[in-house]
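Summary of the model geometry
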Amino acid sequence: METPHRVSTLELFFDLVFVFTITQLTVLLADDLSLRGAGQVLLIFTVLFWMYGGYAHLTNQVPPDRTVRRLLLILAMGAFLVCALAVPTAFGAGGVAFGLGYVCVVLVHSALYTQAHGSGVLWFALPNTLCALSVLAAGFFDGPPAWGLWILALLIQFAVPQLVQRVAASGAASAGAQTGAGAGAASGPGSGSGAGSAAAVTTVSDQLGGMSAEHLVERHGLLLIIVFGESVIAIGIGTGSLPLSVGIAGGAFLALAVASALWWMYFVRDEGRAEEVFAQTAPEKRFKLAMLAYYYAFLPMLLGIAAFAAGVKKTIGHLGEHLHTGPALALAGGVAVYLAGDLAFRAVLGIGPARFRAAALVLALATVPVGTGTAGLWQLVALVVVLLGALGAELRWTPGCTAATGSG
């Protein structure tokens with residue numbers, strides 16, 4: 001029986017600071033609705049979210065219940081804040097500041113993790129540090145060299161879990177072979193050191209999997225709800241100093257309706273079932289499942305909300321006008337990317353069905369001509385209809401759908 005482990009207020013405070021990076025990414029995308037802007041947002045957030053996930057796993061196993069841990073976590077919050085402030089110019093004048101902040105984020109994470117794994121942290125701390133140094137180096141360059149160093153950081157980042165799992169697996173196999181060979185063979189020169197290293201890596205892999213399912217799901221759910229709040233803030237930013245007319249109020253309501261439908265899909269339909277799946281998964285297998293569900297699948301969900309918020313910001317003051325392709329794509333693409341992530345999340349955890357949300361993804365993209373050919377107001381209406389239709393179809397044709405609700 002697992003000991004209940006809830007998210008602390010300091011962790012929630014940490015998340016509020018981290019989400020400011022998403023606010024900044026929304027601003028960056030809204031100011032540059034192009035492939036170049038989208039590419040920068042993708043690279044920056046993928047790198048940042050990697051370390052957010054690292055801190056979520058960290059506090060799952062090393063709760064901030066001591067003064068030193070709290071102070072180090074607050075230091076990491078400050079480093080994330082520096083990164084967030086530098087986001088708009090991360091590929092320019094702010095690149096070095098972003099890199100220094102990110103290096104600090106990585107080093108504090110490694111220092112805190114030593115309390116759970118000791119020297120075993122080197123198996124993921126060193127690659128994380130190389131990733132951070134690559135990002136820092138990118139700050140000293142412009143153009144293709146900077147992009148190349150950012151992409152190198154991603155390659156290093158994605159290699160980390162594969163490296164840990166492969167070394168752990170080979171370590172376990174080596175330990176088994178040595179056990180079978182007998183104690184006499186294990187006493188040769190250097191054999192004890194190799195076995196100890198393999199055992200250390202295997203232990204780290206096991207500890208990374210020994211996480212609280214309740215805390216894991218709750219922590220990422222809280223992050224998602226804060227990010228949804230950013231889409232609401234985008235409504236206010238988009239209106240600016242414009243007088244509050246019936247049209248703007250109606251557009252704001254429609255944007256909120258889209259965000260609410262996306263919230264419903266995860267928090268009412270998926271969150272509770274996700275916690276059940278993790279609770280039923282053996283502790284040593286949770287790390288890999290968490291990587292698939294709450295990193296790879298959650299990335300597009302969070303980016304989708306940011307893209308939709310950028311589209312709202314550019315649209316809300318021009319609801320009666322034909323939209324340019326960029327804002328129309330941000331609105332429709334944001335919803336579609338979120339749905340793609342949600343479909344991946346459901347597939348990883350085996351909590352379908354997929355057909356209604358897959359249809360909604362295609363239909364959401366089909367609203368782009370509505371925005372460019374008629375007006376932004378009608379594209380928002382179309383998106384609301386698509387999402388409500390998908391939710392209604394699930395309720396009508398999915399057996400037991402009303403019972404499969406989350407804690408939201």
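Keep in mind it's a predicted model, so treat the numbers as computed, not measured. (Residues numbered from 1 in each chain as written. Predicted model: local features only at pLDDT ≥ 70, side-chain atom pairs only at ≥ 80, totals over all residues. Heavy atoms only, no water.)

With that settled, the discussion passes to the overall build of the protein. For the protein, the count of helices and strands is 16 helices and zero strands. Split into buried and exposed, the 408 residues of the protein put 52% on the buried side. Of the roughly 16,800 Å² that the protein leaves accessible, carbon and sulfur atoms contribute 70%. (Helix = DSSP H or I, 4+ residues; strand = E, 2+ residues; numbered from the N terminus. Buried < 20%, exposed > 50% of the residue type's maximum accessible area, 1.4 Å probe, protein only. Areas by Shrake-Rupley, 256 points an atom, 1.4 Å probe, with all protein chains shown as cover.)

Here we take up a nonpolar patch on the surface. On the surface, Leu12, Phe13 and Leu16 cluster together to form a nonpolar patch covering roughly 270 Å² of accessible area. Looking at the element boundaries, Leu16 is found in helix H1 (residues 9–31). (Patch = residues over 30% accessible without salt bridge, like charges linked within 9 Å, V, L, I, M, F, W, Y side chains within 5 Å. Salt bridge = Lys/Arg side-chain N within 4 Å of Asp/Glu carboxyl O.)

Before going further, it helps to examine the confidence of the model for the protein. In this model, the protein carries an average pLDDT of 85, and 83% of its residues clear a pLDDT of 70 or more. Here residues 181–205 scores under 50 on pLDDT; set against residues more than four positions off or in separate chains, the count is 18 contacts. (pLDDT = per-residue confidence, 0-100. Contact = heavy atoms within 4.5 Å.)

Scanning the model with the defined rule gives zero disulfides in all. Of all cysteine sulfurs, the one in Cys83 lies closest to Cys104, which takes part in no disulfide; the gap is 8.7 Å. (Disulfide = S-S within 2.5 Å.)

In this section: the nonpolar core. Ranked by internal contacts, the top residues of the largest apolar core, which has 122 residues, are Tyr55, Tyr102 and Phe345. When residues in this core are grouped by element, the largest group, 13 residues, is from helix H2 (residues 35–61). When neighbours within four sequence positions are excluded, Tyr55 is seen to be in contact with Phe14, Leu73, Ala76, Phe80, Val105, Val108, His109, Leu112 and Arg219. (Core = buried A, V, L, I, M, F, W, Y, C linked by side-chain atoms within 4.5 Å.)

Examined against the element boundaries, Glu218 turns out to sit in helix H8 (residues 213–239). For the pair formed by Glu218 and Glu275, sequence separation is 57 residues and the distance between their alpha carbons is 8.5 Å. Once residues within four sequence positions are removed from consideration, Glu218 is found in contact with Arg6 and Val7.

Overall, the coordinates contain 13 salt bridges when judged by the stated rule. The shortest N-O distance in the salt bridge between Arg6 and Glu218 comes to 3.3 Å. Residue Arg6 is found in the segment before H1, and its partner Glu218 is found in helix H8; the two are separated by 212 residues along the sequence. On the basis of relative accessible area, Arg6 is assigned to the partly exposed category, the value being 47%. A salt bridge links Asp65 to Arg69, with the shortest nitrogen-to-oxygen separation between them at 3.2 Å. Judged by its relative accessible area of 9%, Arg69 is buried. Each of Arg269, Asp270, Asp342, Arg346, Arg357 and Glu394 takes part in a single network of salt bridges with overlapping partners.

A few words on the environment of Gly389. Looking at where Gly389 falls in the secondary structure, it is placed in helix H16 (residues 376–397). The spacing of Gly389 and Ala360 is 29 residues in sequence and 8.1 Å in space, taken between C-alpha atoms.

So, about helix H13 (residues 325–349). Helix length check: H13 (25 residues) gives 35 Å between terminal C-alpha atoms against 36 Å at 1.5 Å per residue, within 8%. The sharpest bend along H13 reaches about 25 degrees and sits at Gly333. Of the residues flanking the end of H13, it is Gly350, one or two places downstream, whose phi is positive at about 65 degrees. (Expected span 1.5 Å × (residues − 1). Bend = angle between axes of the 7 residues up to and from the residue.)

Moving on to the packing of aromatic side chains. Per the counting criterion, the structure on display carries 30 aromatic pairs. Taking the centre distance of 4.9 Å and the plane angle of 90 degrees together, the rings of Tyr266 and Phe267 count as edge-to-face. Here Tyr266 matches Phe267 in class, with each residue buried. With a centroid separation of 5.0 Å and an interplanar angle of 70 degrees, the aromatic rings of Tyr294 and Phe298 are classed as edge-to-face. The pair Tyr294 / Phe298 is uniform in exposure class, with both members buried. Chaining the aromatic ring pairs together yields one cluster made of Phe14, Phe18, Phe45, Phe49, Trp50, Tyr52, Tyr55, Phe80, Phe158, Tyr295 and Tyr296. (Phe/Tyr/Trp six-rings, centres within 6.5 Å; stacked < 30°, edge-to-face > 60°.)

Our focus in this paragraph is the packing of H1 against helix H12 (residues 298–315). Remark: H1 packs on H12, axes separated minimally by 9 Å, with the N-to-C direction vectors making an angle of 55 degrees. With respect to H12, the element H1 is oriented oblique. For H1 against H12, the interelement crossing comes out right-handed. From H1, Ile22, Thr26, Val27, Leu29 and Ala30 reach across to H12, where they touch Ala306, Ala307, Ala309, Ala310, Lys313 and Lys314. Considering only residue class, the contact of H1 with H12 consists of eight nonpolar, one polar and two charged. (Axes fitted to C-alpha atoms, helices over the stretch in contact; angles between N-to-C directions. Parallel < 35°, antiparallel > 145°, perpendicular 65-115°, else oblique. Left-handed = near helix turned anticlockwise from the far one by under 90°. Nonpolar A, V, L, I, M, F, W, Y, C, P; charged D, E, K, R; others polar.)

Right, let's talk about the packing of helix H11 (residues 286–296) against H13 for a bit. In helix packing, the relevant descriptors are the interaxial angle and the interaxial distance, both defined with respect to the helix axes. Packing of H11 against H13 brings their axes to within 8 Å, and their N-to-C directions diverge by 160 degrees. Looking at the two axes, H11 sits roughly antiparallel to H13. Crossing geometry of H11 relative to H13 is assigned as left-handed. Of H13, the residues touching H11 (which contributes Leu289, Leu292, Ala293 and Tyr294) are Phe345, Val348 and Leu349.

What follows is about the side chain of Gln157. Position of Gln157 among the secondary structure elements: in helix H6 (residues 144–181). For Gln157, a relative accessible area of 1% gives the class buried. Residues within four places of Gln157 in sequence aside, it is in contact with Thr46, Val47, Trp50, Tyr102, Cys131 and Tyr295.

Right, let's get into the environment of Gly341. Structurally, Gly341 is set in helix H13. Gly341 sits in the buried class, given a relative accessible area of 0%. Residues Gly341 and Leu303, spaced 38 residues apart in sequence, show a C-alpha to C-alpha distance of 9.3 Å. Apart from residues no more than four positions distant in its own chain, Gly341 is found in contact with Ala297, Pro300 and Met301.

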